[in-house]
Amino acid sequence: VRGELDQMGSLLHERLVAGDELATAEIAERFMRPLIGNLAAMFPGVKDHHLIATAVEDALLSYFARPGQFDPRKLTLFKYLRMAARSDLLNSLRRPRIVELTAPESEHGLEGIRDPADLEDEVMKGDSPLLREVNELLTNPVDREFFGLMADGERKTAEYARVLGISDRPASEQATVVKRHKDRLKKRLQRKLKRPVDSDE
Amino acid sequence: MSDPTGIEALAGLAGRLENNREFMAYVLAAYRKQEGLSEQELAAALGVTPALLVRLALCRRPAADSPDFTDRLRRIADATLIDEAQLANVVRQVEVLERLSGLPGIQQGPRHPLDGHPLDGLMAAARDRSPAEGEEPAPHEDKKGTDD
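All values derive from a computational prediction rather than experimental measurement. (Residues numbered from 1 in each chain as written. Chains lettered and ligands numbered in written order. Predicted model: local features only at pLDDT ≥ 70, side-chain atom pairs only at ≥ 80, totals over all residues. Heavy atoms only, no water.)

J.: Explanation requested: the nonpolar core in the structure shown.
T.: A general tendency of soluble globular proteins is for nonpolar side chains to be buried together. Core analysis: the largest hydrophobic core is formed by 92 residues, its most contacted members being A:Phe147 and B:Leu58. Ranked by residues supplied to this core, first place goes to helix α2 (residues 23–42) of chain A with 11 residues. Residues in contact with B:Leu58, not counting those within four places in the same chain, are A:Thr24, A:Ala25, A:Ala28, A:Leu130, B:Leu10, B:Leu13, B:Ala14, B:Leu17 and B:Phe23. (Core = buried A, V, L, I, M, F, W, Y, C linked by side-chain atoms within 4.5 Å. Buried < 20%, exposed > 50% of the residue type's maximum accessible area, 1.4 Å probe, protein only. Helix = DSSP H or I, 4+ residues; strand = E, 2+ residues; numbered from the N terminus. Contact = heavy atoms within 4.5 Å.)

J.: How should I be thinking about the interface of chain B and chain A in this particular structure?
T.: Facing 39 residues of chain B, the contacting portion of chain A comprises 44 residues. Both faces combined, the contact of chain B with chain A buries some 3,800 Å², and carbon together with sulfur accounts for 58% of it. For the pair chain B and chain A, the interface holds 7 salt bridges. Here chain B is connected to chain A by 16 residue pairs in polar contact (both at pLDDT 80 or more). Secondary-structure elements contributing two or more residues to the side of chain B that touches chain A are α1 (7–16), α4 (50–57) and α5 (69–80) of chain B. (Buried area = accessible area lost by both parts, 1.4 Å probe. Salt bridge = Lys/Arg side-chain N within 4 Å of Asp/Glu carboxyl O. Polar contact = N/O pair within 3.5 Å; in protein donor to acceptor, adjacent residues only side chain to side chain.)

J.: Is there a simple way to think about the packing of α2(A) against α1(B) in this case?
T.: Between α2(A) and α1(B), whose axes approach to 10 Å, the crossing angle comes to 115°. Taken together, the axes of α2(A) and α1(B) lie roughly perpendicular to each other. Crossing of α2(A) against α1(B): the hand is right-handed. Residues A:Ala28, A:Glu29, A:Met32 and A:Ile36 of α2(A) pack against B:Ala9, B:Leu10 and B:Leu13 of α1(B). (Axes fitted to C-alpha atoms, helices over the stretch in contact; angles between N-to-C directions. Parallel < 35°, antiparallel > 145°, perpendicular 65-115°, else oblique. Left-handed = near helix turned anticlockwise from the far one by under 90°.)

J.: Looking at this model, I keep getting lost on the pattern of salt bridges. Mind explaining?
T.: Opposite charge on two side chains makes pairing possible when the charged atoms of those side chains draw close. Under the criterion given, the structure shown has 25 salt bridges over all chains. With a shortest N-O distance of 2.5 Å, A:Arg188 and A:Asp143 are connected by a salt bridge. In this pair, A:Arg188 is assigned in helix α9 (residues 171–200) and A:Asp143 in helix α7 (residues 141–151), connecting sequence segments 45 residues apart. B:Arg92 is paired through a salt bridge with B:Glu95; the nearest N and O atoms lie 3.1 Å apart. Here B:Arg92 and its partner B:Glu95 are both found in helix α6 (residues 84–100), 3 residues apart, which amounts to about one turn of the helix.

Laid out in structure tokens, this is it:
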């Protein structure tokens, strides 16, 4: 899992640096909740969860603004963000307006507060809360995998064609079928997602 | 935790990106302000859930002068289930506002934190102005006619 986690973080980082517009959303979706959970466990005395969320936001915003400061050869992206968020949280706790400084349970801190394997598992699962609703609507495994590629911003038609089982067809035909499937799936999901909103009215 | 799904936290992050011109959060905020829409109303106008709107807000804004702008916008539209043409309309409308206010185009590079939304003044002026006869409606206004 650790190797996969390293690789996943590196890939997302590469995409961010390369200017992939979806990378920031995917990084936030994958890392934000585990980071907040980790900090909350690390600082059980901090009752104001807004402080924790703000520290994680700060860490992510700094990373988005200056991705070059992260060196994937030294740390995993998760650890880098966790260190940054922890440091931001400690700084905000030290500010005078905060009544009580709550020290972390462990000065060695980062490992051992919560089982790191759990956190890594959570990051690896990558189940975006923002896509949960959509994924729940996708009962067909082909559509689910197809939408997974769309959500990740996959550009290669061949990848979509593989999922649809039409890799043996000419490239132009693959492109047409993929485009059509994409449009239909989008429309269908949009209609299904609209329903609960309509029924509330 | 008080936010078991994590959506609230992601929405908080998206909210902090509303003043950063390099993010779609900025575009959506500018568009909402100009059109006088709530987040829910914008989500409904674009035909997506509020969660998908947060996803869109967290995406970087494609540079308008990028040679593959359409491709980039299409990827974002696909990843958020938004109609590509509608999304393009929203982005273009905000670009027009920016040009009118003299803001330079979006390019790759370091970003600067801004106090308040950079288009606040111009949008207030635009809201004060009554629509002239023959003007095209805003993209969300004619949406019902384009739905299948």
